[in-house]
Amino acid sequence: MTIGPIELEIIRHRMEAINADAGETLVRVSGSQIASEASDFNTAIMTADGTVVSCSKFILVQSTSLNLIVRDILDRYGENPGIGPGDQFLTNDPYLGTLHQPDVTLVAPIFHDGRLIAWAGSTVHEPDVGGPVSGGFNYAARSIFDEAIPIPPVKIVESGRIRRDIERDYLARTRTPELNALDLLGQIAANRASERQLLELCAVYGANGLVEAMDTLLASTEAAFRRRLKELPDGIWRENSFIQHEQRRGADYMPNQVYAVRLAMAKSADRLTFDFTASDDQAPGAVNSTYPTLANFTMAAVLVHICQGLPWMPGAIWRTIDIRTRKASVVDAEWPAGVAMSTGTSAQAIRNCVSACLARLLDGSEKHAHMAMASSQSSGAGGMSISGHRLDGRPFTTLFLDELSGGGGATVDTDGCDTSGTATSPGATPSNIETNEAYYPVLYLTRLELADTGGPGMRRGGVGAMHAYRPHRTDRSIALLSMAQGLQHPATMGLAGGEPGSPSGFAIMSGDVPVDHAMGWPDLADVVEIRLPDARTQLHPGHMLVTSSQGGGGFGDPLERDTAAVLADVLDGLVSTEGALRDFGVVMRRDDERVLVDRGATDAERKARRSTRIGEREPYRGGGAVGGRRLSSHFRAVETANGEQVACASCGCRLCGLGERLYSSLVLHEAPAGERSAITDRYPGSERFRIRHFYCPGCARQVDVQVALAGEPVLEAMDVRPQAKSEARS
């Protein structure tokens, strides 16, 4: 049968439906609230060589590099133990292709008349996969031997039958064998559902037709993506992101040290290069990412930010991307470094860097600037492995994903979505409170949207949420292992002068504090024991845990936000009256019990702030919009007798020559990391970080905001090359 454009679209959408159906099959069989409630899983379809041609949109980062796993199986197992119809292979090896040990992947070859034509795959986060600490995470790990030992690919299903010896070995490792067994059955059923439906496609279009269609879809998506890249400006964009963990110095281990993930992203013609080589050396354990994790989080951010309107087809996009890295670094760890906590620590820093650089790239495009989006929430303190014993003595362990309630990033046209979760996990969500309470001995006291957490900007970032729960129906303490990054500084960056979203929050306090009546951390900060979580953190009976997720990054100068939008946020409880003044320069007043904007006071406040930004001078208004080549929302390249100069797009102020150090020509103001947070500056180590605000020296517009280590040089976040004469003429 001839495969034309119509048939191609039918097959592409059919594969998306097959993936979705596989996910539904997995959830129906699984007994874990991690999969059935939080949707911490993903499914994918691959070509015969493992190229990912279609993936679901639950946890994107779990499936974008399944090709690495399939490639290993093809290279090593072709003769022994062999690859045949009805086989399925299991692995949780992060050095090979998964993210970390709790993510268990199952891949199945699909044969038609004895010919390998495709693969189906699925990944699920398991509540426990063994190791010295319940849940699979170990703060104190100093190598992978202090974590669950990874399982290389093993043939756990052979000719359609589960190998009981391999299954027995797999389940013997875990503290939750019943749940893991159900998840395994769910993954087997999901892969079989994909196999059955792909073979049904073969019955319609023929095996050759299906293979040809997948190859054509990959080629056409690659071509479409290359065309999009060519429409974007060439240059280099940079971002740094930070995590905290212990470091080894000689024979000693120093807690609460900083690791930097540093990215320089280059775009040239139709290729993207992500250079992470300047990132810090690997940690002793737990927080490192392996290369597959680095690749997965990079690709997921590319799909979300640049592939709007294009098929999300990782195998096609990989053909246009280079990743440069350095072995034994925190983003590309070398065996036997511990990596079990990577997904909530260094991997989130990777995603933050990639998202920020891609957003800057898009913001520099005349055609695609509308696609630019500030970062969504990073991992937070609510990502929590909990374990202990019920009242009857039965043990439990699971993962709570309350952190997936953070804010989305703002765009030039819209505010970020409130409590929307992580952009690279579009299908994931916190478990229902009642489900958590039914499965485990906890009682939730509150789950609410948290005012003033969205990153301020002309468009506000989405707000995050606060959660509180205490032990219930147990007289024993509950062990807590929180990812707990972004406590000491904001980790969700804004764009084009937008502010970062709020930092995370984590505290344990007396159970008699009326947290359900509190409006947020300002009401709780004085009655909280503030300390960083560690390997010994326990939630005792009579106490409660309070965590908050992060807000999304804002877009544009907060002083340019419409006062009516600020008022609407205040009335909706998303911004406090204090936050309206502090973050947006908007003064509120009461009139007959109504909250209104005091327009005269607001105008005076905003005028004074702009003057203060540039040394108590009167801002230059300029002559309106500035022409020239777009570099970003705030900068234009204008032709002069001395070559291209960078000018402010608002006031026309000439800043520097194109290719010179732009950020050195801006006005810089540094503030403490906790400038907008009631508790951030109470976490030890927060004094090491600064929020850097950059202003145009002419009109005082806020053009960028960065999080940095105190004393570090200013980051030149944008380096756009001069336009070639041939480009200028075209």
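Above: the structure in question.
Chains are numbered independently. Their residues run from 1 in the order of the written sequence. Restriction of local features to residues with pLDDT of at least 70 applies here, the model being predicted, together with a cutoff of 80 or more for giving and counting side-chain atom pairs; totals for whole chains, interfaces and linings are based on all residues. Note that water and hydrogens are dropped before the side-chain values are worked out from all heavy atoms of the structure.

Caption draft 1: Fine view of the overall build of the chain. A run of H or I in DSSP becomes a helix once it reaches four residues, and a run of E becomes a strand once it reaches two; helices and strands are each numbered from the N terminus. Check the secondary structure of the chain and you find 15 helices and 29 strands. Two things to know: the radius of gyration comes from C-alpha atoms, and the globule rule equals 2.2 Å times the number of residues to the power 0.38. Taken against the 2.2 N^0.38 rule, which gives 27 Å for 730 residues, the C-alpha radius of gyration of the chain at 26 Å falls within 12% of a compact globule. In terms of overall dimensions, the chain has C-alpha extents of about 80 × 70 × 60 Å along its principal axes. Three exposure classes are used, based on accessible area relative to the maximum for each residue type with a 1.4 Å probe and protein chains only: buried under 20%, partly exposed in between, and exposed over 50%. A buried classification covers 63% of the 730 residues belonging to the chain.

Caption draft 2: Region of the structure containing the sheet that holds strand β22 (residues 629-630). Only strands that DSSP links by at least two bridges are regarded as paired with each other. Overall, antiparallel pairing links the 4 strands, which are arranged β22-β23-β24-β25 in an open sheet. Looking at the sheet topology across the chains shown, the edges are occupied by β22 and β25 (654-657). Pairing of β22 with strand β23 (residues 635-640) involves 2 bridges; the strand directions are antiparallel. Residue pairing across strands places arginine 630 opposite arginine 636, the latter belonging to β23.

Caption draft 3: Looking closely at unusual backbone geometry. The peptide bond linking asparagine 80 to proline 81 adopts the cis configuration, its omega dihedral lying at 15°. On the secondary structure map, proline 81 appears in helix α3 (residues 66-82). Cis rather than trans, the peptide bond between tryptophan 335 and proline 336 has omega equal to 15°. Mapping proline 336 onto the fold places it in the loop between β11 (321-324) and α9 (346-363). Even without glycine at this site, asparagine 256 takes up a positive phi of about 55°. Note that asparagine 256 resides in strand β9 (residues 252-268). In this structure asparagine 256 comes out as partly exposed when scored by relative accessible area, which is 22%. The backbone phi angle of arginine 473 is positive, close to 60°, even though this residue is not glycine. Looking at where arginine 473 falls in the secondary structure, it is placed in the loop between β15 (465-471) and β16 (478-482).

Caption draft 4: Local environment of empty space enclosed by the protein. The method works on a 1 Å grid over the protein atoms by themselves. A cavity is a set of points holding a 1.4 Å probe that cannot get out, a pocket is an open set with protein on both sides within 12 Å along at least five of seven lines, and residues with an atom within 4 Å of a point line them. Grid points are joined across faces, edges and corners, and a volume is the space filled by probe spheres set on the points. For the structure on display, the rule yields 10 cavities of 30 Å³ or more. Considering only enclosed or pocket space, the largest cavity measures out at about 330 Å³ in volume. Along the wall of the largest cavity there are 26 residues; nearest its centre are Asp40, Thr343, Gln348, Leu401 and Glu403. Secondary structure elements with two or more residues in the lining of the largest cavity: β12 (383-389) and β13 (395-401). By residue class, the composition of the lining of the largest cavity is 10 nonpolar, 13 polar and 3 charged. Volume-wise, the second largest cavity comes out at about 110 Å³. Taken together, Arg360, Asp363, Leu495, Ala496, Ser632, Ser633, His634, Phe635, Tyr663, Val703, Asp704 and Met718 form the lining of the second largest cavity. Sorting the residues of the lining of the second largest cavity by element identifies α9 and β28 (702-709) as the ones contributing at least two each. In this count, Pro and Cys sit with the nonpolar residues alongside Ala, Val, Leu, Ile, Met, Phe, Trp and Tyr, while Asp, Glu, Lys and Arg are called charged and the others, Gly among them, polar.

Caption draft 5: A look at helix α13 (residues 577-584). Along α13, the residues that are buried comprise Gly579, Ala580, Asp583 and Phe584. When α13 is viewed along its axis, its buried side chains cluster within an angular range of 105° and face the same direction. Of the residues one or two after α13, glycine 585 is the one with positive phi, at around 65°. Arc, as used here, means the arc of the directions from the helix axis to the C-beta atoms.

Caption draft 6: Quick peek at the packing of aromatic side chains. Each Phe, Tyr or Trp ring, with Trp reduced to its six-membered ring, pairs with another whose centre is within 6.5 Å; inter-plane angles below 30 degrees give stacked pairs, above 60 give edge-to-face pairs, and intermediate values give tilted ones. Counted according to the given criterion, the structure contains 12 aromatic pairs. Here the aromatic rings of phenylalanine 396 and tyrosine 440 are separated by 5.9 Å at their centres, their planes lie at 50°, and the arrangement is tilted. Of the two residues, phenylalanine 396 sits in strand β13 while tyrosine 440 sits in the loop between α10 (433-439) and β14 (442-449), which places them 44 residues apart along the sequence. By relative accessible area, tyrosine 440 is classed as buried at 3%. Seen in terms of ring centroids, phenylalanine 400 and tyrosine 469 are 5.7 Å apart; in terms of plane orientation they differ by 85°. Their pairing is edge-to-face. Linking phenylalanine 400 in strand β13 with tyrosine 469 in strand β15, this pair joins segments that are 69 residues apart in sequence. Comparing phenylalanine 400 with tyrosine 469 shows no difference in burial state: the two are buried. A connected cluster of aromatic rings, assembled from ring pairs, spans Phe396, Phe400, Tyr439, Tyr440, Tyr444 and Tyr469. Here, over-ring charges are defined by two tests on the NZ atom of lysine or the CZ atom of arginine: distance to the ring centre within 6 Å, and angle to the ring normal within 35 degrees. Its end group placed over the ring of tyrosine 253, arginine 142 keeps NZ or CZ at 3.5 Å from the ring centre.

Caption draft 7: Looking closely at the nonpolar core. Formed by 140 residues in total, the largest nonpolar core has its most connected members in Leu272, Phe274, Phe276, Leu358, Tyr469 and Leu524. Excluding anything up to four places from it in sequence, leucine 272 contacts Phe225, Leu229, Met265, Ala266, Lys267, Ile306, Thr320, Ile321, Asp322, Leu358 and Leu361. Here, nonpolar core refers to any group of buried Ala, Val, Leu, Ile, Met, Phe, Trp, Tyr and Cys residues whose side-chain atoms link them within 4.5 Å. By definition in these notes, contact holds between two residues if any of their heavy atoms fall within 4.5 Å.

Caption draft 8: Representation of the state of the cysteines within the structure. To count as a disulfide, a pair of cysteine sulfur atoms needs to be within 2.5 Å. The tally for this structure, following the rule as stated, stands at 0 disulfides. Looking at the unpaired cysteine 55, the closest cysteine sulfur is the one in cysteine 307, lying at 10 Å. Cysteine 699 forms no disulfide, and the closest cysteine sulfur to it belongs to cysteine 648, at a distance of 3.7 Å.

Caption draft 9: Representation of the packing of α13 against helix α14 (residues 599-613) in the model. Simply put, an axis is a line fit to the C-alpha atoms, just over the touching stretch for a helix, and the angle between two N-to-C directions goes from 0 to 180 degrees. Closest axis-to-axis distance for the α13/α14 pair is 10 Å, and the angle between their directions is 40°. Contact residues: Leu581, Arg582 and Phe584 in α13; Glu605, Arg606 and Arg609 in α14. In the contact of α13 with α14, the residues fall into 2 nonpolar, no polar and 4 charged.

Caption draft 10: Region of interest: the pairing of strand β27 (residues 689-695). Burial of β27 is extensive: 6 of the 7 residues sit out of reach of the surface. Of the pairings in the sheet, the one linking β27 to β28 comprises 7 bridges and is antiparallel in character. Residue pairing across strands places tyrosine 695 opposite glutamine 702, the latter belonging to β28. Between the antiparallel neighbours β27 and β28 lie 6 residues, among them alanine 700 with a positive phi of about 70°.

Caption draft 11: Here's a closer look at the side chain of aspartate 332. For aspartate 332, the position within the fold is in the loop between β11 and α9. Overall, the relative accessible area of 2% leaves aspartate 332 in the buried class. Any N or O atom pair separated by 3.5 Å or less is treated as a polar contact, with the protein-specific requirement of one donor-capable and one acceptor-capable atom, and with residues adjacent in sequence counted only for side-chain atom pairs. Looking at aspartate 332, its side chain comes within polar contact range of the side chain of lysine 327, at 2.9 Å. Apart from the residues within four sequence positions on either side, aspartate 332 is in contact with Ser289, Thr290, Tyr291, Thr325, Arg326 and Lys327.

Caption draft 12: Molecular detail of a nonpolar patch on the surface. A cluster of nonpolar side chains, Val29, Leu182 and Leu185, forms an exposed patch at the surface whose accessible area comes to about 200 Å². Summarising the element assignment, valine 29 is placed in helix α1 (residues 5-29). The exposure class assigned to valine 29 is partly exposed, which follows from its relative accessible area of 31%. Patch membership requires over 30% relative accessible area and the absence of a salt bridge. Like charges are linked within 9 Å, and nonpolar side chains (Val, Leu, Ile, Met, Phe, Trp, Tyr) within 5 Å. All accessible areas in this document rest on Shrake-Rupley with a 1.4 Å probe, and a residue is counted as covered only by the protein chains that are shown. Salt bridge, as used here, is a side-chain nitrogen of Lys or Arg placed within 4 Å of a carboxyl oxygen of Asp or Glu.

Caption draft 13: Highlighting the sheet that holds strand β10 (residues 271-275). The 5 strands are arranged β11-β10-β9-β8-β29 in an open sheet whose pairing can be described as mixed. This sheet does not close on itself; its edge strands, each paired only once, are β11 and β29 (718-719). Pairing between strand β8 (residues 235-249) and β9: 14 bridges, direction antiparallel. Paired with arginine 248 across the strands is tyrosine 253, a residue of β9. Sheet contacts for helix α6 (residues 207-230): β9 and β10; angle to β10, the most-contacted strand, approximately 75°. The sheet contacts of helix α7 (residues 291-306) involve β10 and β11, and relative to β11 the element is tilted by about 140°.

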